[in-house]
Amino acid sequence: MSRPSDPRTVLLWGDRWWLPATDEPVPFDRPEQAADALAGHWSAEPKPVRIRLVYQPDAFTSVGVSCPRGNRRVLAAALAAEYPALDSPDRAWGHEPVLPDEHGGTTVLHFENEPALYTLATRLAHLGLTVESAWPLATYLHALPTEWTESGGSTVVAVQAGRGVAYRHPAGAGRLIQTWNSGNALAEIGRWLADILATDPNEPVTVVTTDDDTRAQLESWLGEDRPGLEWLRLAAALTRPAVLPRYHPAQLLPRDPWVMTERLALAAGFALLLVAAWAGFEQGRDWLAARAADEASETRLASLQSEVVQLRSNAAEIAGLRSLVEGGAAGPPVGLFLEQLSATLPPDLVLGSVQWRDQRIAIAGWVAPTAAAGTIETWASRIAPNDAPWAITAKAGAEGTFAATGVFRR
């Protein structure tokens, strides 16, 4: 279950909202009515309400592509000619982590066919509902399983009447994201799942349904005696603490740098700022320049201007934090260490926390299921070469985590 301080996870899927802990959706007739429909449902809630938005409108596409290994900028430069949404400042997009192959890499792109998310987030904010992050439904489905097989393979599908979305990553094969939008969706999904389970009855498959009738129709295709099959109600799925790291590349909204308030956690916030703040500032500035030419997007422009002001404020705070954590000539070289950390962290590792106290260092995070053997140890040797003023040891933990500890030598 989510903690009271966590944002609420809500799903916009097609023409309705799905909410945690209730089977009753909140419908709307047109996309421009979506924000007011949700705010009206929560009209009695004290504001602001913090939201983690799972976003799957009908005008949203997920497609597997070959790509170079790189960050968001690299993918946009390489793929925008074929997928113009990646070069369109008014359309949101993201991608799954790039996995290496013999030709370079592969990923799954998620993008809007029509601009809507930025306007939706701005309208929700105006109504007191703060969207802290936005994720494709397929990405959220991939984060739902609480246990993973040794192979790391998984199939998760969400189904409502007339619609379905599936994330499938079988062991030894590429990722597949499939959507259904038709009156025959339930039958098509039932046949698709039946084929998977017929090939391997023990393969772990999670099916998320909105109601008992939908589940009953699927069970008529699949049967009940399936050892690898898990049924999950959508209302319960939206309450699960699905782990989606702040800097996962499928995030659809611009990412705001943040600073932790407690002094002991200062270094963790500072490390994430070093990794993301400057890129975020440049990205916000570029978006602002592009949007200034679009007179029809005044609402989005105002929002971006506010973001840039905040980013500039954060940039000034970074400078002050650097001076604070350096601790003068007598203190440990924390700033130098964090710069080395941000420069050497490979794409298969995601930071969860970085802490330091006195001369001790503690780092924790997640490892991609597809990371090569020795990734953690190789990274530890790169962040702490023999001549570094610190020493680091790292090892893999349970359920795709890793931990590293170290000490400043002077």
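Values in this document were obtained by computation on a predicted structure and should not be read as measured data.

Observations concerning the overall build of the protein
Scanning the protein for helices and strands turns up 11 helices and 18 strands. Counting every position in the protein, which comprises 410 residues, the buried fraction comes to 48%. Only carbon and sulfur atoms are counted for the fraction: they give 51% of the accessible area of the protein, which is about 19,700 Å².

Quick look at the nonpolar core
Formed by 28 residues in total, the largest nonpolar core has its most connected members in Trp17, Leu53, Leu117 and Leu120. Listing elements by their share of this core, those giving two or more residues are β1 (8-13), α1 (34-41), β4 (49-56), α3 (117-126) and β9 (129-136).

Topic: the sheet that holds strand β2 (residues 16-18)
Ordered in space as β3-β2-β1-β4-β9, the five strands form an open sheet in which the pairing is mixed. Of all strands in the sheet, those bounded by a partner on one side alone are β3 (26-27) and β9. Bridge count between β4 and β9: seven bridges; the pairing is parallel. Bridge pairing in β9 places Arg52 opposite Ser133. Against the sheet, α3 makes contact with β1, β2, β4 and β9, and its axis sits at roughly 155° relative to β9, the strand it touches most.

Some words on the sheet that holds strand β11 (residues 163-169)
Ordered by their spatial adjacency, five strands build an open sheet running β12-β11-β10-β13-β14, and the pairing between neighbours is mixed. With partners counted over all chains shown, the strands left at the sheet margins are β12 (176-181) and β14 (229-233), one partner each. Adjacent strand axes in the sheet meet at a mean angle of 15°, parallel and antiparallel pairs treated alike. The sheet contact formed by strand β10 (residues 154-160) and strand β13 (residues 205-209) spans five bridges and is parallel. Within β13, the residue paired with Ala158 across the bridge is Val208. Packed on one face of the sheet, helix α6 (residues 212-222) meets β10, β13 and β14 and runs near 165° to β14.

Quick look at the environment of Thr107
Positionally, Thr107 belongs in strand β8 (residues 104-112). Each C-alpha atom, one on Thr107 and one on Val65, is 5.6 Å from the other, the two residues being 42 residues apart in sequence. When sequence neighbours within four positions are dropped, the list of residues in contact with Thr107 reads Val63, Gly64, Val65, Cys67, Leu75, His95, Glu96, Pro97, Val98 and Arg175.

Digging into the pattern of salt bridges
In this structure the tally under the stated criterion is 12 salt bridges. Residues Arg16 and Asp15 are paired through a salt bridge, measuring 3.1 Å at the closest nitrogen-oxygen approach. Accessibility expressed as a relative area gives 28% for Asp15, which makes it partly exposed. Between Asp23 and Arg233 there is a salt bridge, with the nearest N and O atoms lying 2.7 Å from each other. Linking Asp23 in the loop between β2 and β3 with Arg233 in strand β14, this pair joins segments that are 210 residues apart in sequence. A network of salt bridges, in which partner residues are shared, links Asp15, Arg16, Asp58 and Arg163.

What about the packing of aromatic side chains?
Two descriptors summarise a pair of aromatic rings, namely the distance from one centre to the other and the angle between the planes of the rings. Summed over all chains, the structure comprises seven aromatic pairs. Ring geometry for Tyr55 versus Phe60: centroids 5.7 Å apart, planes at 80°, classification edge-to-face. One exposure class covers both Tyr55 and Phe60, and it is buried. Considering the side-chain rings of Phe337 and Trp390, the 5.2 Å spacing of their centres and the 80° angle between planes classify their relative orientation as edge-to-face. Separated by 53 residues along the polypeptide, Phe337 in helix α10 (residues 334-344) and Trp390 in strand β17 (residues 390-396) bring together distant segments of the chain.

Re the packing of α1 against α3
It is at 9 Å that the axes of α1 and α3 come closest, and there the two elements cross at 30°. In terms of orientation, α1 lies roughly parallel with respect to α3. Here α1 and α3 pass one another in a crossing that is right-handed. Only Leu120, Arg123 and Leu124 of α3 make contact with α1, whose side of the interface consists of Ala34, Ala35, Asp36 and Leu38. Of the residues in the contact of α1 with α3, the class split is five nonpolar, no polar and two charged.

Here's the deal with unusual backbone geometry
A cis geometry characterises the amide bond from Lys47 onward to Pro48, with omega recorded as 5°. Among the secondary structure elements, Pro48 is positioned in the loop between α1 and β4. A positive phi angle is found at Ala21, which is not glycine, with a value near 65°. Topologically, Ala21 is positioned in the loop between β2 and β3.

Regarding the confidence of the model for the protein
Within the protein, residue pLDDT values average 81, and 78% of them lie at 70 or more. Element-level pLDDT for the protein is lowest in helix α8 (residues 266-292), with a mean of 46, against a maximum mean of 98 in β2. Scored below 50 in pLDDT, residues 256-281 makes 57 contacts in the model with residues more than four places away or belonging to other chains. Predicted confidence is poor over residues 291-296, with pLDDT under 50, and the contacts of this stretch with residues over four places away or in other chains come to seven contacts.

Thresholds, definitions, all that
- Starting afresh in each chain, residues are numbered from 1 along the sequence in its written order.
- Restriction of local features to residues with pLDDT of at least 70 applies here, the model being predicted, together with a cutoff of 80 or more for giving and counting side-chain atom pairs; totals for whole chains, interfaces and linings are based on all residues.
- By convention in this description, side-chain values take in all heavy atoms of the structure and omit both hydrogens and water.
- Only runs of H or I of at least four residues qualify as helices and only runs of E of at least two qualify as strands under DSSP, and these elements are numbered from the N terminus.
- For every residue, the accessible area (1.4 Å probe, protein chains only) is compared with the maximum for its type, and the residue is labelled buried under 20%, exposed over 50%, or partly exposed between those bounds.
- Throughout, the Shrake-Rupley method with a 1.4 Å probe supplies accessible areas, and for residues the shown protein chains are the sole cover considered.
- Side-chain atoms within 4.5 Å link the members of a nonpolar core, which is a set of buried Ala, Val, Leu, Ile, Met, Phe, Trp, Tyr and Cys residues.
- Here, a strand pair is defined by DSSP locating no fewer than two bridges between the strands.
- Throughout, a contact is declared for two residues whenever any of their heavy atoms are within 4.5 Å.
- Only the stretch in contact is used when a helix axis is fitted, and all axes are lines through C-alpha atoms; the angle between N-to-C directions ranges over 0 to 180 degrees.
- Counted as salt bridges are all cases of a side-chain nitrogen of Lys or Arg within 4 Å of a carboxyl oxygen of Asp or Glu.
- For Phe, Tyr and Trp, rings pair up if their centres lie within 6.5 Å, where Trp contributes its six-membered ring, and each pair is then called stacked (planes under 30 degrees apart), edge-to-face (over 60) or tilted (otherwise).
- In these notes the angle categories are as follows: under 35 degrees is roughly parallel, over 145 is roughly antiparallel, 65 to 115 is roughly perpendicular, and the rest is oblique.
- Note: crossing handedness is left-handed where the near helix turns anticlockwise from the far helix by less than a right angle, and right-handed where it turns clockwise.
- Amino acids are sorted into nonpolar (Ala, Val, Leu, Ile, Met, Phe, Trp, Tyr, Cys and Pro), charged (Asp, Glu, Lys and Arg) and polar (every other residue, Gly among them).
- One number per residue, pLDDT, summarises how confident the predictor is, and it ranges from 0 to 100.

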